[in-house]
Each structure stands twice: as structure tokens, then as C-alpha cells.
Amino acid sequence: MKPMTMSQKILAHHAGLEFVEEGQLIEANLDLVLGNDITAPVAISEFNKIGVKEVFDKTKVVIVLDHFTPAKDIQSANLCKCAREFAADKELENFFDVGDMGIEHALLPEQGLVVAGDVVIGADSHTCTYGALGAFSTGIGSTDMAAGMATGKAWFKVPSAIKFVLTGKPSHYVSGKDIILHIIGLIGVDGALYKSMEFVGEGISHLSMDSRFSMANMAIEAGAKNGIFEVDNQTIDYMKKHSKKPYTIYKADDDAIYEQVINIELDKVRPTVSFPHLPDNTHTIDEIEAMDKIKIDQVVIGSCTNGRLEDLQVANEILKGKKVAKHVRAIVIPATQKIYLQALKEGILENLIEAGCVVSTPTCGPCLGGHTGVLAEGERAVSTTNRNFVGRMGHTKSEVYLASPAIAAASAITGYISNPEKIGGNN
């Protein structure tokens, strides 16, 4: 039998085939179909044209209202209403609205809806996040979401793969965000185009689940079809804590074929920032310190990439007992209600508010220029989000610098892009 990668094994199983190979077209059974308040209404319209009365499985279609909610205007309110009415009519078991929702890609793992070996499609490009759990998950368009809701199946072209072998242990203020920015800077925004980014190696054991979610989340920023981590004991512990679903661990064959094998020495990765206007325009904090100071107007700590508890804990470590610079707006967005509540219990939110931050309800908000922090002309933001395209967070003449929560928190204090190693840990 032909050797296969992790992703290829998962797809083969879900297609009912003994093996698949790069470029092969297959039809696979789906474990989950996801949409949000922007993409689901379009999918619902297409679903209604198909002519079926029910979704394929009421437990496997998930809709999360997270992008423009609580509704920022009449248009977004109408989109949310459309999704609500569909969820009620189809009796969806996993519909998340204001009060119990969160940013979708943080919420689904937390709710135990995704486990290792699953095939997940979502009408949102960062659906690749769930690869951190050893699942094959990828973003699709709303039309494919509609077909998935109706049939429980989707067509795929089997991707080739790049193997990333992680070794060593990252330093204290180097997180998954720094590592994935480092990798994207190395291979480019199209370096993994329609490929699977497969992360293996002993270095994985030194990465928290939150760091892994951040890395898988940004696989799409290298053009990848999906990102996926080899399952280890930490993954299993996470799944046992959050989910009752059975899981299946798929490990790549020793002789699996990869287009490239790239070694990443984690102990050599430095805190990294992605400059405007592409995620691969990366500079280490050491390079930045040699430049003229880059003054900023806003800091955003949140999003499906970096709004998890660990991210807020790191921000708290740096900001506690300090003050946000007078000219900086520091916006903190816990990714889910559960994370919000835990940060409240730990005193994190109190510390951040006393430092001068504002804390928002869970929302994608400013990441896509939606609300809760849109940039004006000429403004600069350091953001823990995942994209820094022209006009991504507001005006086309604004600038977004992508960074970790540690760099974002340090920069909020000084008012310019700063090294957390020289500011944090002194509380």
C-alpha cells in the first residue's frame, strides 16, 4: 500500500478508500459543518435552493454568531436573524448566540465538538485551526457549506504536504504565534499553496495546546489547505477534558512522501512581528530594535488566533501594575465566555482594566475591520490577529503589525513596538 501523510490517511478513511494520493479527487464524509453570521446566511440561501427539508445531521451542523455580534448595525442584525431562524427551524443542537457564543475557532474545541481524526469544513478560512487536535479541517465557501449541510459530504483534491520537524524548546516570550510567523516568513504566503502543513518532532511537547491552535490557525496564511499536528499525550488530555466524542489518531507513515522537510529549531526562534501588508513580511524583535521606533495608536489582544486564556495570562504578566501609554488604545477580547469568566476569576481582567485596557465581549470585531476597534487613516495597530492586508482593520491607509500577545502588551506600555523580554516579568 502506498505510504500516506496524516491528512491523506484521514481523508482516505472518510472516503472509504484504502489509500489516496496527491491530486486525487475524492468525496469524503464530514464530521462537522461550520458557519458564522457572515457566511451562514449565504449558505442558507443556497441550501434552500437544493430542495431538502432537513440538514444531514442536527448534531453536526454548527453555526456561531461571532463576527459582527452583538449586532453592530441593521445589516448584521438581519444576518443574525436569518441564522437564528434557520437554526431554530432545523433544530440545530449546536447554535451559539450572544450569551453563550465565542469566536468560533476557540469555541468549537472548548465545546468538544472536534477531535482527532475528524474531517471538518467551515465557511471561514481559519477553520484549519482544528488541525491542532489532529483533525483534517479546512475552510470552504458558503456554497460548499450548503452542500455539506444537505449531504454530509464534500469533494476534496487530496493535498501534498510539507513536513515541519520541530526541535528544542522555545524561550519564555516565544509562543506559537512567533513560531508560525517565523515559518510564514521563511516559506512565504504561498509557500504551502494547497498543501498540508504537518507538524511533528519532539519540540511539539514544549508547545501548549493554545500555541498549537495559533499555529494551525495561520496555516492558511501560508496558502495551506490545512495545518495538522501529530497527536501526543497533551492532545489526548485536552480531548478527554473537553469532549466525549471518540477520536482516532492518524500518524504519517515513516516513508510518507513530502514535497519538503523543514527543520525548525524552536530555541532559535525569536519574538517575531509581521509588518504591513502581508503576513510573510516578518522581522525579529532584534531587527526591530535596531530600527527607528515604530509608534503605534492601537493594540488588539484577541481573535481566533490569540484570544485564549494563555494569551490573556501572558498579557497580564506584562501589563499588571503598569499603564498603557496615553496615546494608545488597548483592546482586549477574550475568545469565549468561558475564557472571559476564567480571566475574571483569576483577576486578569481587573489588572488589565487598571492598566488602561478596555475589555470586550467575545467577537471577531476589529480583526476584519468589523467593529470594536476599526482604524482611521494613518493609524497603526499591533494586533494578535492573523491578517494585515491593506485595509484589513479599517482605512486603506492604516497599518497592521501582527504579533504575539507578549509583544502587543509590551508595545501597549511603551507606545511603540517593543521587546517583551525587556519589559515583562518585573511585577
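These numbers were taken from a predicted model, which means no experiment stands behind them. (Residues numbered from 1 in each chain as written. Predicted model: local features only at pLDDT ≥ 70, side-chain atom pairs only at ≥ 80, totals over all residues. Heavy atoms only, no water.)

Participant: What is the right way to look at the packing of helix 11 (residues 309-319) against helix 14 (residues 405-414) in this model?
Facilitator: In helix packing, the relevant descriptors are the interaxial angle and the interaxial distance, both defined with respect to the helix axes. Look at helix 11 against helix 14: their axes get within 8 Å of each other, and the N-to-C directions meet at 30°. Considered as vectors, helix 11 and helix 14 are oriented roughly parallel to each other. The interaxial crossing formed by helix 11 with helix 14 has right-handed handedness. Facing helix 11, whose interface residues are Asp311, Val314, Ala315, Ile318 and Leu319, helix 14 presents Pro405, Ala406, Ala409, Ala410 and Ile413. (Axes fitted to C-alpha atoms, helices over the stretch in contact; angles between N-to-C directions. Helix = DSSP H or I, 4+ residues; strand = E, 2+ residues; numbered from the N terminus. Parallel < 35°, antiparallel > 145°, perpendicular 65-115°, else oblique. Left-handed = near helix turned anticlockwise from the far one by under 90°. Contact = heavy atoms within 4.5 Å.)

Participant: Would you mind going over the side chain of Asp31 with me for this structure?
Facilitator: With respect to the helices and strands, the residue Asp31 is situated in the loop between strand 1 (25-29) and strand 2 (32-36). Buried within the structure, Asp31 lacks any salt-bridge partner; Lys60 is the closest side chain of opposite charge, at an N-O distance of 4.6 Å. For Asp31, the side chain forms a polar contact with the side chain of His14, separated by 2.6 Å. In terms of polar contacts, Asp31 uses its side chain to reach the backbone amide nitrogen of Val119, at 2.8 Å. Not counting the four nearest positions on each side in its chain, Asp31 is found in contact with His14, Lys60, Gly117, Asp118 and Val119. (Buried < 20%, exposed > 50% of the residue type's maximum accessible area, 1.4 Å probe, protein only. Lys, Arg positive; Asp, Glu negative; His and termini not counted. Salt bridge = Lys/Arg side-chain N within 4 Å of Asp/Glu carboxyl O. Polar contact = N/O pair within 3.5 Å; in protein donor to acceptor, adjacent residues only side chain to side chain.)

Participant: Hey, could you run me through the environment of Asp66 in this one?
Facilitator: With respect to the element layout, Asp66 can be found in the loop between strand 3 (61-64) and helix 3 (74-89). Residues Asp66 and Phe96, spaced 30 residues apart in sequence, show a C-alpha to C-alpha distance of 8.6 Å. Ignoring any residue separated from it by four or fewer positions in sequence, one finds Asp66 in contact with Asn36, Asp37, Met101, Gly102, Ile103, Glu104, Thr363 and Cys364. From its side chain, Asp66 meets the backbone nitrogen of Glu104 in a polar contact 2.8 Å long.

Participant: Any chance you could explain the sheet that holds strand 2 here in plain terms?
Facilitator: The pairing of strands in a sheet comes from backbone hydrogen bonds and takes either a parallel or an antiparallel form. Strand order in the open sheet made by the five strands is 4-3-2-5-6, with parallel pairing throughout. Both outer strands of the open sheet, strand 4 (94-96) and strand 6 (136-139), are each paired with one neighbouring strand and no more. Taken pair by pair, the neighbouring strands of this sheet meet at an average axis angle of 15°, ignoring direction. Bridging between strand 3 and strand 4 involves three bridges; their strand directions are parallel. Residue pairing in the sheet places Val62 in a bridge with Asn94 of strand 4. Together, strand 2, strand 3 and strand 5 (119-122) form the strand contacts of helix 5 (residues 142-151), whose direction differs from that of strand 2 by roughly 135°. (Pairing = 2+ DSSP bridges.)

Participant: Is there a simple way to think about helix 8 (residues 233-242) in this case?
Facilitator: Every α-helical turn comprises 3.6 residues, leaving residues that sit three or four positions apart pointing alike. Turning to helix 8, its buried residues number three or more, namely Thr235, Ile236, Tyr238, Met239 and His242. For helix 8, the angular spread of the buried residues around the axis is 160°, confining them to a single face. For helix 8, exposure combined with an orientation more than 90 degrees from the buried face picks out Asn233, Asp237, Lys240 and Lys241. The inward-facing, buried residues of helix 8 abut helix 4 (104-110), helix 7 (209-217) and helix 12 (337-345). (Arc of directions from axis to C-beta.)

Participant: What exactly am I supposed to notice about the side chain of Ser243 here?
Facilitator: Note on placement: Ser243 falls in the loop between helix 8 and strand 11 (260-265). The class for Ser243 is buried, based on a relative accessible area of 13%. Here Gly112 takes part through its backbone oxygen, which lies 2.8 Å from a polar atom of the side chain of Ser243. A polar atom in the side chain of Ser243 sits 3.0 Å from the backbone nitrogen of Lys245.

Participant: Would you take a moment to explain the pattern of salt bridges for this structure?
Facilitator: Oppositely charged side chains can pair when the atoms bearing their charge come close. Scanning the entire structure with this criterion turns up 18 salt bridges. Across the pair Lys49 and Glu46 runs a salt bridge whose closest N-O atoms are separated by 3.0 Å. Of this pair, Lys49 and Glu46 both sit in helix 2 (residues 40-50), three residues apart, roughly one helical turn. By relative accessible area, Lys49 is classed as exposed at 61%. The exposure class of Glu46 is partly exposed, given its relative accessible area of 24%. The residue Arg380 makes a salt bridge to Glu399 at a minimum N-O spacing of 2.8 Å. One end of the pair, Arg380, is in strand 17 (residues 380-383); the other, Glu399, is in strand 18 (residues 399-402), and 19 residues separate them in sequence. Each member of the salt-bridge network shares a partner with another, and the members are Arg270, Asp286 and Glu421.

Participant: How should I be thinking about the packing of helix 6 (residues 176-187) against helix 7 in this particular structure?
Facilitator: Where helix 6 meets helix 7, the axes come as close as 8 Å, and the angle between the chain directions of the two elements is 30°. Classified by the angle between their axes, helix 6 and helix 7 sit roughly parallel to one another. Between helix 6 and helix 7 lies a crossing whose hand is right-handed. Between helix 6 and helix 7, the residues in contact are Gly176, Lys177, Ile179, Ile180 and Ile183 and Ser211, Ser214 and Met215, respectively.

Participant: Please clarify how the sheet that holds strand 10 (residues 226-229) should be interpreted in this entry.
Facilitator: Taking strand neighbours across the sheet as the criterion, the four strands line up as 10-9-8-11 in an open arrangement whose pairing is parallel. In the strand order of this sheet, the two ends are held by strand 10 and strand 11, each with one partner. Neighbouring strand axes in the sheet, compared pairwise and without regard to direction, differ in orientation by 20° on average. Here six bridges tie strand 8 (residues 160-167) to strand 9 (residues 195-200), and the two strands are oriented parallel to one another. Bridged to Ala161 within strand 9 is Ser196.

Participant: Even after reading the chapter, I still don't get the environment of Ala43, so can you show me in this structure?
Facilitator: Tracing the backbone shows Ala43 in helix 2. The buried category is assigned to Ala43, whose relative accessible area is 0%. Here the alpha-carbon distance between Ala43 and Ser171, two residues 128 residues apart in the chain, equals 44 Å. Leave out the neighbours within four places in its chain, and Ala43 touches Ser142, Met145, Ala146 and Met149.

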